[in-house]
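What follows is each chain in one-letter form.
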Amino acid sequence: MTATAPDVGTAAGLLRLGNRFCDAKALLTAVRLDLFAVLDEGPASADQVRDRLGLHGRGLSDFLGLLTALGLLVRDGDGRYRNAEGADRHLVPGRPDAVGGFLQGADINIYPVYGNLTEALRTGRPQADGDFTGLLEDPEALGHFVRMMDGLTQGLGRPLIDALAGTEYRSLVDVGGCRGHLLGQLMAARPGLEAHLFDLPQLEPFFHEHLAELGRSGQGTFHPGDFFRDELPSADVLVYGHVLHDWDPGQRQELLAKAFRAVNPGGSLLVYDRMLGEQRDDIENLVASLNMLLVTEGGAEYTVAEITAQARLAGFGTVTHQPLADYDTLVICRKD
């Protein structure tokens, strides 16, 4: 990849940084257009891309050139474009490590609201058009959302299983687990696991659809409910993954208390989020925290120290933490 981080000590570098949103939108647009899926069928010239995607053609050569300069495409000697290695692995739909669903969701839900970051900082108010209730009433938009969440849990099943090595458990509940993308990974990694998912009733059809896609229909149990109104199902292990950062500290404390009541004696609560202060370079996690400002009423990323103190206040005994993925930190709270 030829692009490098801009030198913010120079005027040119500051201008480059200020225009980085253009690079991001080029990637998001390519995902929305299914460009990487089309090129997976075979290399194509600009004219062939135009015809396959039904585009006008004006600006297309520049668009493909920018994606090439960003390292997403490769231009062969005959002028045809193909997916670069990383795009082939992560941006073609259906691949095991694909993250296009998350990027498509980010384009729909996150990119537009960044234009109102100034207003959000002045008022402390979210800037998204509508709230999650509205999303739940739109099956198409909800489908985009659940696939966006898939991208955030890609490949986390095995690290979570490894983190529980030496712990005896038979049952696990993924709280707020959307359509069960993580749960499916856990079931594959640990045959015989009593797998449960707790989420809003509108997610249940997506859950059953996903298990059917995995060939695991009937192997997992969906529990419809609202974790602020209802008690959580009991299990040896509960998981809050990318959940607690949606809520303010008081609400996080309430959810930790509910988890403590639900975890069986000797069991564990697993919490993972993009926690602050755990990375040498916190840019990605600070951006994630600003995302919460823009789309939630009181959410934000938080530190390990903050969540540890809250977990102990909820009643958990031993609390440990470790890296989970590139940006996620895992906190393990044991009910001694």
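Residues numbered from 1 in each chain as written. Predicted model: local features only at pLDDT ≥ 70, side-chain atom pairs only at ≥ 80, totals over all residues. Heavy atoms only, no water.

So, on to helix H16 (residues 304-314). Because an α-helix packs 3.6 residues into every turn, residues spaced three or four apart end up facing the same way. All buried positions along H16 are accounted for by Val304, Ile307, Thr308, Gln310, Ala311 and Ala314. Angular distribution of buried residues about the axis of H16 spans 165 degrees; they occupy a single face of the element. Of the exposed residues in H16, the ones pointing more than 90 degrees away from its buried face are Ala305 and Leu313. Elements that come into contact with the buried residues of H16 comprise helix H14 (249-262), strand S8 (319-323) and strand S9 (329-334). Taken from the residues just after H16, Gly315 is the one with a positive phi, measuring 120 degrees. (Buried < 20%, exposed > 50% of the residue type's maximum accessible area, 1.4 Å probe, protein only. Helix = DSSP H or I, 4+ residues; strand = E, 2+ residues; numbered from the N terminus. Arc of directions from axis to C-beta. Contact = heavy atoms within 4.5 Å.)

Attention now goes to the pattern of salt bridges. Applying the stated rule across the entire model yields 17 salt bridges. Measuring nitrogen to oxygen at the nearest pair gives 3.0 Å for the salt bridge that ties Asp51 to Arg50. On the basis of relative accessible area, Asp51 is assigned to the exposed category, the value being 55%. On the accessibility criterion, Arg50 (27% relative accessible area) is partly exposed. Because the salt bridges share partners, they merge into one network encompassing Lys25, Arg32 and Asp107. (Salt bridge = Lys/Arg side-chain N within 4 Å of Asp/Glu carboxyl O.)

Following the criterion strictly, the structure yields 5 aromatic pairs and no others. Relative to Phe222, the ring of Phe207 has its centre 5.4 Å away and its plane inclined at 50 degrees; by these criteria the two rings are tilted. You can see Phe207 sitting in helix H13 (residues 204-213) and its partner Phe222 sitting in strand S5 (residues 220-224), a full 15 residues away along the chain. An identical accessibility class is assigned to Phe207 and Phe222; each is buried. For the pair Phe260 and Phe316, a centre-to-centre distance of 5.1 Å together with 90 degrees between the ring planes defines the contact as edge-to-face. With Phe260 in helix H14 and Phe316 in the loop between H16 and S8, the pair connects residues that are 56 residues apart, well separated along the chain. Counting every residue linked through ring pairs, the aromatic cluster contains Phe227, Phe228 and Trp247. (Phe/Tyr/Trp six-rings, centres within 6.5 Å; stacked < 30°, edge-to-face > 60°.)

Counting residues in hydrophobic clusters, the biggest one holds 36 residues, and the most contacted among them are Leu160, Leu183, Leu186, Leu203, Leu270, Tyr272 and Leu330. Residue assignment for this core shows that the elements contributing at least two residues are helix H10 (139-153), helix H11 (157-163), helix H12 (181-189), strand S4 (194-199), H13, strand S6 (235-241), strand S7 (263-273) and S9. Among the elements that line this core, the one with the most residues is H10, at 5 residues. Beyond its immediate chain neighbours, meaning those up to four positions away, Leu330 contacts Leu160, Ala163, Leu270, Val271, Tyr272, Thr320, His321, Gln322 and Leu324. Counting 27 residues, the second largest nonpolar core, distinct from the first, contains Tyr240, Leu255, Ala259 and Leu269. (Core = buried A, V, L, I, M, F, W, Y, C linked by side-chain atoms within 4.5 Å.)

Let us now look at the sheet that holds S9. Two modes of strand pairing occur in sheets, parallel and antiparallel, and in both the strands are linked by backbone hydrogen bonds. Taken in spatial order, the 7 strands of this open sheet run S5-S4-S3-S6-S7-S9-S8, and their pairing is mixed. Of all the strands in the sheet, just S5 and S8 have a single pairing partner and so form its edges. The average undirected angle you get between the axes of adjacent strands in this sheet is 20 degrees. Where S6 and S7 come together, 6 bridges link them in parallel fashion. Bridge pairing in S7 links Tyr240 to Val271. Of the strands in this sheet, S4 and S5 touch H13, which is tilted by about 175 degrees from S5. (Pairing = 2+ DSSP bridges. Axes fitted to C-alpha atoms, helices over the stretch in contact; angles between N-to-C directions.)

This part covers a nonpolar patch on the surface. A cluster of nonpolar side chains, Val8, Leu14 and Leu17, forms an exposed patch at the surface whose accessible area comes to about 260 Å². Along the chain, Leu14 falls in helix H1 (residues 11-18). (Patch = residues over 30% accessible without salt bridge, like charges linked within 9 Å, V, L, I, M, F, W, Y side chains within 5 Å. Areas by Shrake-Rupley, 256 points an atom, 1.4 Å probe, with all protein chains shown as cover.)

Now for unusual backbone geometry. The backbone of Asp34 shows a phi angle near 65 degrees, a positive value even though the residue is not glycine. Judged by relative accessible area, which is 43%, Asp34 ranks as partly exposed. One non-glycine residue, Cys178, adopts positive backbone phi at about 55 degrees. Within the element layout of this structure, Cys178 appears in the loop between strand S3 (171-175) and H12.

Looking now at the packing of helix H2 (residues 20-32) against helix H7 (residues 100-109). Across the interface, H2 lies against H7 with an axial gap of 9 Å and an inter-helix angle of 115 degrees. Here H2 lies roughly perpendicular to H7, going by the angle between them. Here H2 runs over H7; the crossing is left-handed. Judged by residue contacts, Lys25, Leu27, Leu28, Val31 and Arg32 of H2 engage Gly100, Leu103, Gln104, Asp107 and Ile108 from H7. For the contact of H2 with H7, the per-class residue count stands at 5 nonpolar, 2 polar and 3 charged. (Parallel < 35°, antiparallel > 145°, perpendicular 65-115°, else oblique. Left-handed = near helix turned anticlockwise from the far one by under 90°. Nonpolar A, V, L, I, M, F, W, Y, C, P; charged D, E, K, R; others polar.)

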